[in-house]
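What follows is each chain in one-letter form.
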Amino acid sequence: MYDDFSALGVKIIAVGWDDPSATSPWVESQSYQYEVWTDQERTLSLYYGAATNSSFVVDRVTRILDSNGTLILEYNDIGFGISAHPAEVLEDCRLLFAD
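This structure is a prediction, so every number in the text was calculated from the model and none was measured.

The rules behind these values
Residues numbered from 1 in each chain as written. Predicted model: local features only at pLDDT ≥ 70, side-chain atom pairs only at ≥ 80, totals over all residues. Heavy atoms only, no water. Helix = DSSP H or I, 4+ residues; strand = E, 2+ residues; numbered from the N terminus. Contact = heavy atoms within 4.5 Å. Polar contact = N/O pair within 3.5 Å; in protein donor to acceptor, adjacent residues only side chain to side chain. Buried < 20%, exposed > 50% of the residue type's maximum accessible area, 1.4 Å probe, protein only. Lys, Arg positive; Asp, Glu negative; His and termini not counted. Salt bridge = Lys/Arg side-chain N within 4 Å of Asp/Glu carboxyl O.

*Asks:* Would you mind going over the environment of aspartate 19 in detail, with residue names and values included?
*Replies:* Looking at the element boundaries, aspartate 19 is found in the loop between strand E1 (13-16) and helix H2 (20-30). Distance in space between the C-alpha atoms of aspartate 19 and aspartate 39 is 8.5 Å, their sequence separation being 20 residues. Aside from chain neighbours lying at most four places away, what touches aspartate 19 is Thr38 and Gln40. At 2.4 Å, the side chain of aspartate 19 forms a polar contact with the side chain of serine 21.

Here's what the structure looks like:
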């Protein structure tokens, strides 16, 4: 599915709070094709509504930005049952970005 997103010019970036020393081995073991960023200061998490100042864990959310960085679509409260979510996001990206 990563190739389908790439064909639309969509770049996938995951963001988490863990230290890079903990995240890197896990990312490598999963063979992710996309970047995984560390947000230990919680700047992105707070800005995009994935956490509050009192949060103990980051919420699973998806944000779609255009090429200018403008937020154009958001999915909240994805939770851990995300199996259908990538297909939903891909379909929406096709509507937004396909020629």
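*Asks:* How would you explain the side chain of aspartate 39 if you had to name every residue and give the values?
*Replies:* Within the fold, aspartate 39 resides in the loop between strand E2 (35-38) and helix H3 (43-47). It turns out aspartate 39 is buried and unbridged, and the closest side chain with the opposite charge, arginine 42, is 7.2 Å from it. For aspartate 39, the side chain forms a polar contact with the main-chain nitrogen of leucine 44, separated by 3.2 Å. Residues within four places of aspartate 39 in sequence aside, it is in contact with Val15, Gly16, Trp17, Leu44 and Ser45.

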